[in-house]
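Topology and contacts: notes
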Amino acid sequence: MRIAKIETCVLEANYDWTIVKVKTDSSMVGWGEAFVAPSLTGVIAQLNEILPGEDPRDVDRLCRLMRTALGSSGTASMGFHAISAVEIALWDIVGKSYGLPIYQFLGGKYRDRVRIYADCHAGEGLSSLSPVLLPRTPAWMAKRSRPPAAKPELNPKYHGGQKSEAAAVRPRAYARRARLMKQRGFTALKFDVDVPTRYSFDDYNRALTPREIDLMVSLVAAVKGVLGKEVDLAIDCHWNYGVNDALRLARACEPYDLLWLEDPVPPLNTDALRRVTVGTTTPIATGENHYQRHQFRELLEAGAVDILAPDFQKVGGLLEGRRIADLADIHFVAVAPHNISGPIGTMASVHLCAAIPNFLALEWHAAAVPFFDDLVLGRRGPMIQNGYIGVPDRPGLGIELNEAVAWKYRKPGEPFFDRPA
Ligand code: MG
């Protein structure tokens, strides 16, 4: 069997969902998904210069070919998004050609269902962001009754974008959202606490005022009041604070027994993150900005992190994800993968989460996307049931993309598989 062509489509959901289809010289195809990046499909299309004619089952060697090809052209991190999607699609083909689910090739499974945590943003669900994080209103969202959000300035203190304090930052709104998601059966939730407030003196200096910390703690308290001890709570800070500010927040949250506090300080300064991590009993998580095992090794060996949150649609693929999870395991660190994908990327992550011992919970970011389950062929009912995804036993990923549904949500100006932009 040989690779014939790599094609893409982009779906305009809450983020861009970049789907890869690897076609072979037989009728078999593989599906993958990449973490969002501007102009990503152009990078993926370039892989047609090197992959056709290769055996799709030589997954690791082909990843090395792609790394060499894209690394030399300076595509840097975006290249890993492309490689991740193609790698997942290759595993789908491997699984289908041997008649086994992907998790079997990653070491076999530790569990039959994967615990999902729902990302609840800032208490409000419906939003969509462009690849450069500007709020947008895709056609499907414009048709819904809710009026589109006003376009705010891009606030570096809150990349979620669209909320005013009056509308969404109140503890009551957070509590309402928590109650809803608890009723849906989730056993873990995550909320943003880095929301814009009138208590800040400066949007750029990474400082937290006492009143900002009070507000953040009141959000945590409101949500924990609803969740109790049955449902875990994580909070996200999106790299916004300085070391001491992050420490003051983390310590103020200690009585609430958080599952984790995510990305308190800007990424890639491992020692700054380590100072936060060792200074608080609140577990500190990071990983969604890191690539390949090398960057994760540095985090782990420095003792800079309590919980690792790699994104398998960007780190370099599922096998790279398995290696990163193994590195975490030898440091007795749990893995809670970041995930903002549609169903293809989410299911790929499910296979890996089933196969690693130190798995904690997998993110799901798409609660407000009404067509998430409609995109799936090969599975009955909602993918997430009672806060878990059952690990599929069908060959490969175990699901296919419903292309007729995908067509309805395609991003204008992007190719849709064999149809040009
Ligand atoms: Mg995050």
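So, here's what we can say about the structure.

When a metal holds four donors in a tetrahedron, each ideal angle between them is 109.5 degrees; when it holds six in an octahedron, the ideal angles are 90 or 180 degrees. For the magnesium ion, every protein donor is listed as Asp-236 (OD), Glu-262 (OE) and Glu-288 (OE), and the spread of their distances is 2.0 to 2.2 Å. Of note, the donors binding the magnesium ion are all from one chain and are spaced D-x25-E-x25-E. Of this pair, Asp-236 sits in strand β6 (residues 232–236) while Glu-262 sits in strand β7 (residues 260–262), and the two are 26 residues apart along the sequence.

This part is about the sheet that holds strand β3 (residues 29–34). The sheet built from 3 strands is open, its strands ordered β1-β2-β3 with antiparallel pairing. Taken across any chain shown, the strands that pair with only one partner, and hence form the sheet edges, are β1 (3–12) and β3. In this sheet, adjacent strand axes meet at a mean angle of 20° when their direction is disregarded. Relative to strand β2 (residues 16–24), β1 is paired through 9 bridges, and the arrangement is antiparallel. The partner of Leu-11 across the bridge, within β2, is Trp-17. Its contacts with the sheet place helix α12 (residues 343–355) against β2 and β3, and it is angled at close to 95° to β3.

Here we take up unusual backbone geometry. In this structure, His-238 takes a positive phi of about 50° despite not being glycine. Examined against the element boundaries, His-238 turns out to sit in the loop between β6 and α8 (243–252). Using a relative accessible area of 14% as the deciding quantity, one classes His-238 as buried.

Moving on: the pattern of salt bridges. If you walk through the whole model with that rule in mind, you get 25 salt bridges. Across the pair Asp-119 and Lys-190 runs a salt bridge whose closest N-O atoms are separated by 3.9 Å. Of the two residues, Asp-119 is situated in strand β4 (residues 113–119) and Lys-190 in strand β5 (residues 188–192); the sequence distance between them amounts to 71 residues. Between Arg-293 and Glu-320 there is a salt bridge; the shortest N-O distance is 2.9 Å. One end of the pair, Arg-293, is in helix α10 (residues 292–301); the other, Glu-320, is in helix α11 (residues 318–330), with 27 residues separating them in the sequence.

Reading guide: rules and limits
Residues numbered from 1 in each chain as written. Predicted model: local features only at pLDDT ≥ 70, side-chain atom pairs only at ≥ 80, totals over all residues. Heavy atoms only, no water. Donors = N, O, S within 2.8 Å, 3.2 Å for Na, K, Ca; no water. Helix = DSSP H or I, 4+ residues; strand = E, 2+ residues; numbered from the N terminus. Pairing = 2+ DSSP bridges. Axes fitted to C-alpha atoms, helices over the stretch in contact; angles between N-to-C directions. Contact = heavy atoms within 4.5 Å. Buried < 20%, exposed > 50% of the residue type's maximum accessible area, 1.4 Å probe, protein only. Salt bridge = Lys/Arg side-chain N within 4 Å of Asp/Glu carboxyl O.

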